[in-house]
There are 2 protein chains.
Amino acid sequence: MFTFDQLAGFIAVAEELHFGRAAERLNMTQPPLSRQIQKLEKAVGAELLERDNRKVQLTAAGRAFLDEARRLMALASRAPVTARRIASGRSGLLRIGFTAASGFSILGPLLEEITATLPDVDIDLQELVTGEQIAGLLSGELDLGLARPPFDNEIFDSHLLYREAMVLAVPSGHPLAGLNRDITEKDLRDAPLIMHSSTQARYFYDLVVRMIPIQHSNVVHTVSQILTMVSLVAAKRGVAFVPHSATLLGVHGVEFLPLESSVNDPVELHAIWTRTITNPALALALRTLDFQEN
Amino acid sequence: MFTFDQLAGFIAVAEELHFGRAAERLNMTQPPLSRQIQKLEKAVGAELLERDNRKVQLTAAGRAFLDEARRLMALASRAPVTARRIASGRSGLLRIGFTAASGFSILGPLLEEITATLPDVDIDLQELVTGEQIAGLLSGELDLGLARPPFDNEIFDSHLLYREAMVLAVPSGHPLAGLNRDITEKDLRDAPLIMHSSTQARYFYDLVVRMIPIQHSNVVHTVSQILTMVSLVAAKRGVAFVPHSATLLGVHGVEFLPLESSVNDPVELHAIWTRTITNPALALALRTLDFQEN
DNA sequence: TAAACATGATGCCCTCCGGGTATCACTCGA
DNA sequence: TCGAGTGATACCCGGAGGGCATCATGTTTA
């Protein structure tokens, strides 16, 4: 196998067609350059230059090999640059998981800020519920999640994106919509309820149960995604507790009513990521977004 | 700058994710391999592998650099192969000049033989009169010519392709066409004549003058290309002496009549090339065509 | 919980590769 | 015919890189 030095030497001689001048260009003397070319020709197995004690010219094989040599040198000089770009985080891939509701609120501005500052970072997006995001982050299939609590603060670092109110989704024209006041526990005593899964959507389930004593006999559906809930409300299957950002989903035939609540804006959305960051693009993105100091 | 050995080492470690096994695969011991990778990382300017005293894994930059490294190695191993193919003549470029008439006779079979034996040799074809071919061969713009004498036998080597008769081209329905015998000098005493240029088509000019005493007052046109002559005959501008292969040009409105001649088939076509062959593809083609021994 | 094991990094030695200087061999032009 | 120009060769020397022995550290096992 030949070396990059030999290739550089050959290119110089091929361009100068003169060993002395080529050696000067390479900041070396002529003899080692001669031997370099000899070694290269031996390694390639073909005569590349025709030397005539008076002039030097390329052989047919030499012309072809010159092309390849230039290609090799170009590739070799580009490779470290791209590697460094990726190591520094200015280039690379960021895999982001997000919930359906966050997709309509915070995701857009967030992506805009990332792409404006880090234009060479590719972004993979996946709509996932919080549980799937946590699994993805742990397995390394995801770099960043936009998810709800709870998550293990030993493993994950996080940044609170926003808090929002819980509202009641009802079909258009529902009697409760005419009340023009905050909905209370009593209003819901006999309403058919579309409820969050206590396992898949634990966060919402717990929140609702803390806010309002539920008549479990009223529950007609148990689902895990906000979008599914709103769709079922639109289909007049019942009413549902959803975060305020669900109003942005744009589903027709649904109205959103305020709820009487002791806590202001109890629903949280966090950006979360594993504390052991291996993706430089993530590190840089977190700094860009001011989620992390240093 | 890094070396190919470092690249090969990195690829091995990246594939094995284990320094010991990678070293074994490379027929070396583990310590120098470790240092090779360190040198490579220093040269690249980025950490490529994350070592953990227990396991090895690629960094984001390492994954990207692995692609480039594989590309480099592939290119580096292909380059000598193509160079050798060209040096051996099995691949490359052959630039052939030919006269219009030879294009309709010998050129086809000749090309067929070359491409059948040397399928990877590209062929450039140019229709040129003998003088232009000789200039092209001398300047190195042409490798092989299909031309007429004379040419300098000191400079050019040659191979006689064929000899052919001279015939008289006359417009269809010309009185001479009805004679049904060889045409003699006397038949042409008053015929308007389309004659070869004494400079551009010296060979034909001399041949004709040797065969038949020309009435120079009868010459109505002086041209250098056979195809032009036949076209002018078709346009009834006169009669012309052309080689037998001109019958293959397929020009309508022209008949070809035999000439009384002392010499059988006086018109020669040669393959010619400079004695100093630099194009390996030419050397191999000449041997393939049996134009040259060894 | 301590000892054996596994694995990458480091220290040291030695060989060989590659660069430098001096010189040769060959050709061309005055 | 001789000197200038140019690529190849001889010889020397320093440094790069490989091998062996060993260290540092984390994991497995008894």
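Residues numbered from 1 in each chain as written. Chains lettered and ligands numbered in written order. Predicted model: local features only at pLDDT ≥ 70, side-chain atom pairs only at ≥ 80, totals over all residues. Heavy atoms only, no water.

**Topic: the protein's contact with DNA strand C**
Then step 1. The environment of DNA strand C is formed by 21 residues, the closest being Lys39 of chain A together with Gln30, Pro31, Ser34 and Arg51 of chain B.
Then step 2. A share of 65% of the atoms of DNA strand C within 4 Å of the protein falls on sugar and phosphate groups.
Then step 3. Arg35 of chain B has a polar side-chain atom sitting 3.0 Å from a base nitrogen of DNA strand C.
Then step 4. Residue Gln38 of chain B places a side-chain N or O atom 3.3 Å away from a phosphate oxygen belonging to DNA strand C.
Then step 5. Among the secondary structure elements, those contributing two or more residues to the surface near DNA strand C are helix 3 (30–44) of chain A together with helix 2 (19–25) and helix 3 (30–44) of chain B.
Then step 6. Within the surface near DNA strand C, the residues separate by chemical class into six nonpolar, nine polar and six charged. (Near = heavy atom within 4 Å. Polar contact = N/O pair within 3.5 Å; in protein donor to acceptor, adjacent residues only side chain to side chain. Helix = DSSP H or I, 4+ residues; strand = E, 2+ residues; numbered from the N terminus. Nonpolar A, V, L, I, M, F, W, Y, C, P; charged D, E, K, R; others polar.)

**What about the relation of the copies chain B and chain A?**
One copy of the chain maps onto the other through a rotation about an axis followed by a shift along the same axis.
Then step 1. Least-squares fitting of chain B to chain A yields an RMSD of 0.1 Å, with the superposition described by an axial translation of 0.1 Å and a rotation of 180 degrees. Between the two chains, the operation in question is that of a two-fold axis.
Then step 2. Looking at chain B, 100% of its interface residues are interface residues in chain A too, so the copies touch through the same face. (Least-squares fit on C-alpha atoms with pLDDT ≥ 70 in both. Contact = heavy atoms within 4.5 Å.)

**Section: the environment of Arg63 of chain A**
All names here are of chain A.
Then step 1. Here Arg63 is to be found in helix 4 (residues 60–88).
Then step 2. On the basis of relative accessible area, Arg63 is assigned to the partly exposed category, the value being 48%.
Then step 3. Separated by 15 residues in the primary sequence, Arg63 and Leu48 have C-alpha atoms spaced 7.6 Å apart. (Buried < 20%, exposed > 50% of the residue type's maximum accessible area, 1.4 Å probe, protein only.)

**Considering the interface of chain B and chain A**
Then step 1. Contacts between the two partners involve 26 residues from chain B, matched on the other side by 26 residues from chain A.
Then step 2. Carbon and sulfur atoms supply 80% of the area that chain B and chain A bury against each other, a total of about 2,400 Å² over both sides.
Then step 3. Here chain B is connected to chain A by zero salt bridges.
Then step 4. Across the contact surface, chain B and chain A share two residue pairs in polar contact (both at pLDDT 80 or more).
Then step 5. The leading source of residues in the side of chain B that touches chain A is helix 4 (residues 60–88) of chain B, at 16 residues. (Buried area = accessible area lost by both parts, 1.4 Å probe. Salt bridge = Lys/Arg side-chain N within 4 Å of Asp/Glu carboxyl O.)

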